[in-house]
Amino acid sequence: MKGFSLRLRLTLLLALATLVALGIAAWIVDWRADAEMQQRFDSALLARAQAFAALARVEDGSMMAVKPDAIASGLFPGSTGASWYDLRCRGARIASSAQLPPAMDSSATPRFADARLPNGRLLREVALRFTPATTAHSPACELFYALDRGPLDEILGTLDLILLGSILGACLVVLALTPWLVRRGLRPLSTLDAAMARIGPDAPRERLPRADTRELAPLVARFNEVLARMDEGLARERQFAAGLAHELRTRLAELRTIVDVEMRYPGGRDLHSVLEEIGSIGGELEATVAALLQLTRIESGVQTAQHETVDVPALLTRVLARHNDALLARGLRVERHEAQAEVRIETDPALLEIVLDNLLGNAVAYAPADTVVSVGVAPQHIRIGNPAPGLGEEDLARFGQRFWRKGIGEGAGHAGLGLALSQAAAHALGMRLDFALESGILRATLAW
């Protein structure tokens with residue numbers, strides 16, 4: 001299925017947001033304009049009513065000398081037929097227009113109301129009370145004055161049409177410009193798309209270019225981190241495959257050589273010894289594969305540290321017991337130097353055992369026969385030492401490299417992976433593994 005277009009989605013959202021924003025703004029403007037126009041209209045209506053009341057003088061209930069119609073036409077020229085009034089004093093109608101405005105309640109303060117004539121014409125009416133100027137004791141008079149509100153409604157309607165037309169016009173402009181603006185705004189995504197197309201197995205070091213867009217910069221950084229981890233994983237797999245292929249090729253060649261020699265040139269060797277040699281080569285091959293798999297798991301983070309309290313001397317005793325047969329076979333002696341206090345640390349016992357097992361295995365395999373392997377336990381470190389007459393200072397830089405061996409040691413599984421495995425496990429534990437050569441003695445120090 002074709003996915004929903006991001007450009008279309010942004011266009012619709014921007015258009016909707018613009019429509020809502022402009023609609024709210026237009027409503028506020030229309031509301032304020034209507035209120036202002038209504039207020040001005042009411043102010044004009046009240047001014048006309050007050051002017052009418054000021055000139056309409058009533059003495060003892062008799063009609064004023066000048067007729068109110070004449071006053072109205074004199075005050076407001078051209079207003080005949082556009083205004084309606086009703087003047088009453090002491091309950092008697094003193095003056096009124098030909099058609100009376102609709103009745104409404106009056107009070108001490110002017111009151112405004114919308115009214116409608118029987119013919120359907122809309123009016124705006126004001127009712128006010130006033131006291132004649134001749135005497136303060138005369139009853140208050142009431143004036144009901146109304147104007148046609150048709151012109152006001154026409155102005156308000158015209159204003160509504162202008163606002164509505166402005167909103168529709170702005171929305172059309174937004175709808176027309178938004179796709180182009182969105183396309184320009186999303187141009188960095190097109191750049192990333194082109195860069196992603198170049199990334200693949202044939203270009204393992206290829207990365208996305210640095211993004212100047214604030215929103216895309218974290219995404220590009222995270223994606224490049226993922227690519228880096230993928231490259232590291234591929235490199236580990238290739239290194240694992242290359243190392244495994246090398247070791248398999250070497251061991252299989254040894255097996256084939258043994259078989260071919262015995263078949264073509266029988267030497268009269270005992271079958272048991274031949275099988276034992278083949279089994280030894282198979283054991284070395286199995287140990288190599290196991291070490292490679294374990295090293296790959298540790299380096300890839302599949303095997304992580306699970307911390308618990310570890311009794312270091314007890315763990316070291318267990319590891320030494322595992323190498324006891326090899327020690328006796330080569331005539332090696334172990335000198336242990338223990339700390340006075342208990343040495344307990346919070347770490348992963350399995351990974352720590354891997355480090356100690358490989359360091360001791362390396363010392364047992366490469367120490368000259370009938371020599372001493374020293375093992376020291378201190379509160380902050382473990383130190384393992386063995387004579388290494390064939391090593392030089394330049395060889396220490398290569399310690400930890402896969403499949404590197406200074407010489408071929410005895411025993412199974414020494415394919416140059418032990419120190420690499422120890423380094424990886426120590427790193428996973430957050431410990432430091434250092435090697436030093438002192439007067440022909442190789443010392444490996446694991447510090448925490």
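Since this is a predicted model, take the numbers as computed values, not measurements. (Residues numbered from 1 in each chain as written. Predicted model: local features only at pLDDT ≥ 70, side-chain atom pairs only at ≥ 80, totals over all residues. Heavy atoms only, no water.)

Student: Looking at this structure, I do not really get the overall build of the chain. What am I missing?
Tutor: Counting its regular elements, the chain contains 11 helices and 12 strands. Looking at the chain as a whole, 35% of its 448 residues qualify as buried. Excluding contacts between residues fewer than 6 apart, the proportion of contacts in the chain whose partners are at least 24 apart in sequence is 65%. Here the chain has roughly 26300 Å² of accessible surface; of this, 58% comes from carbon and sulfur atoms. (Helix = DSSP H or I, 4+ residues; strand = E, 2+ residues; numbered from the N terminus. Buried < 20%, exposed > 50% of the residue type's maximum accessible area, 1.4 Å probe, protein only. Contact = heavy atoms within 4.5 Å. Areas by Shrake-Rupley, 256 points an atom, 1.4 Å probe, with all protein chains shown as cover.)

Student: Please clarify how the sheet that holds strand β1 (residues 83-89) should be interpreted in this entry.
Tutor: Read from one edge to the other, the open sheet built from 5 strands follows the order β2-β1-β5-β4-β3, with strand pairing classed as antiparallel. Bordering the open sheet on either side are β2 (92-96) and β3 (111-116), each of which pairs with just one other strand. Taking each pair of neighbouring strands and ignoring which way they run, the sheet shows an average axis angle of 20°. Where β1 meets strand β5 (residues 141-148), 7 bridges bridge the pair, whose relative direction is antiparallel. (Pairing = 2+ DSSP bridges. Axes fitted to C-alpha atoms, helices over the stretch in contact; angles between N-to-C directions.)

Student: Looking at this model, I keep getting lost on a nonpolar patch on the surface. Mind explaining?
Tutor: There is a patch of nonpolar side chains on the surface, built from L16, L19, V20, I24, W27, I28 and W31 and spanning about 730 Å² of accessible area. Its place among the elements puts I28 in helix α1 (residues 6-55). (Patch = residues over 30% accessible without salt bridge, like charges linked within 9 Å, V, L, I, M, F, W, Y side chains within 5 Å. Salt bridge = Lys/Arg side-chain N within 4 Å of Asp/Glu carboxyl O.)

Student: Would you mind going over the packing of helix α9 (residues 349-366) against helix α11 (residues 418-429) with me for this structure?
Tutor: How two helices sit against one another is set out by the angle between their axes and by the gap between those axes. In contact at an axis separation of 8 Å, α9 and α11 are set at 150° when each is read in the N-to-C sense. As judged from the angle between their axes, α9 and α11 are roughly antiparallel. Note on packing geometry: the crossing formed by α9 with α11 is left-handed. Facing L351, L352, I354, V355, N358, L359 and N362 of α9, the residues of α11 in contact are G418, L419, L421, S422, A425, A426, A428 and L429. Here the contact of α9 with α11 is composed, by residue class, of 11 nonpolar, 4 polar and no charged. (Parallel < 35°, antiparallel > 145°, perpendicular 65-115°, else oblique. Left-handed = near helix turned anticlockwise from the far one by under 90°. Nonpolar A, V, L, I, M, F, W, Y, C, P; charged D, E, K, R; others polar.)

Student: Is there a simple way to explain the pairing of strand β10 (residues 381-387) in this structure?
Tutor: Two faces, one strand: in a regular strand the side chains alternate between the faces of the sheet. Across the 7 residues of β10, 5 count as buried, placing the element largely inside the fold. Remark: 2 residues form the turn of the hairpin made by strand β9 (residues 372-378) and β10, two consecutive strands paired antiparallel. Note that β10 and strand β12 (residues 441-447) share 7 bridges and pair antiparallel. Following the sheet pairing, I382 is matched in β12 by L446.

Student: Where do I start with unusual backbone geometry in this structure?
Tutor: Here D370, not a glycine, exhibits a phi torsion of approximately 60°, which is positive. Mapped onto the elements, D370 comes out in the loop between α9 and β9. D370 sits in the exposed class, given a relative accessible area of 65%. A positive phi angle is found at S439, which is not glycine, with a value near 55°. Mapped onto the fold, S439 is located in the loop between β11 (432-438) and β12.

Student: Just checking my understanding: could you explain the environment of S439 for this structure?
Tutor: In this structure S439 comes out as exposed when scored by relative accessible area, which is 80%. A sequence separation of 51 residues divides S439 from A388, and the C-alpha atoms of the two residues are 9.2 Å apart.

Student: Would you mind showing me how to read the sheet that holds β9 here?
Tutor: In a beta sheet, neighbouring strands pair by backbone hydrogen bonds and run either parallel or antiparallel. Across the sheet, which stays open at both edges, the 5 strands sit in the order β7-β9-β10-β12-β11 with mixed pairing between neighbours. Both outer strands of the open sheet, β7 (333-337) and β11, are each paired with one neighbouring strand and no more. Between one strand and the next, the sheet's axes are offset by a mean angle of 15°, whatever the strand orientation. Here helix α7 (residues 312-322) sits on the sheet in contact with β7, β9 and β10, set at roughly 180° to β7. The sheet strands contacting α9 are β9, β10, β11 and β12, and the helix crosses β10 at an angle near 15°.

Student: Would you mind showing me how to read empty space enclosed by the protein here?
Tutor: In this approach, a probe sized like a water molecule rolls over the atoms, and the result shows the empty space that is left. According to the stated counting rule, one finds 1 cavity of 30 Å³ or more in the structure shown. Looking at the largest cavity, its volume works out to about 50 Å³. Along the walls of the largest cavity sit L359, N362, I384, N386, L419, F435, L442 and A444, which together make up its complete lining. Listed by contribution, the elements that provide at least two residues to the lining of the largest cavity are α9, β10 and β12. (1 Å grid on protein atoms, 1.4 Å probe; cavity = no way out; pocket = protein on both sides within 12 Å on 5 of 7 lines; lining within 4 Å. Points joined across faces, edges and corners; volume = space filled by probe spheres on them.)

Student: Explanation requested: the packing of aromatic side chains in the structure shown.
Tutor: Two numbers describe a pair of aromatic rings. These are the distance of the centres and the angle of the planes. Applying the stated criterion across every chain yields a total of 3 aromatic pairs. Considering the side-chain rings of F52 and Y145, the 6.0 Å spacing of their centres and the 45° angle between planes classify their relative orientation as tilted. In this pair, F52 sits in helix α1 while Y145 sits in strand β5, placing the two residues 93 residues apart along the sequence. Each of the two residues, F52 as well as Y145, counts as buried. Here the aromatic cluster, defined as three or more aromatic residues joined through ring pairs, consists of F52, Y85 and Y145. Over the ring of W31 we find R32; its NZ or CZ atom is 5.5 Å from the centre of that ring. (Phe/Tyr/Trp six-rings, centres within 6.5 Å; stacked < 30°, edge-to-face > 60°. Lys NZ or Arg CZ within 6 Å of the ring centre and 35° of its normal.)

Student: Please explain the state of the cysteines as it appears in this structure.
Tutor: The final tally for this structure, using the stated rule, is 1 disulfide. Across a sulfur-sulfur distance of 1.8 Å, C89 and C141 are joined as a disulfide pair. Disulfide C89-C141: torsion about the S-S bond near 110°, hence right-handed. You can see C89 sitting in strand β1 and its partner C141 sitting in strand β5, a full 52 residues away along the chain. A relative accessible area of 6% means that C89 is categorised as buried. (Disulfide = S-S within 2.5 Å.)

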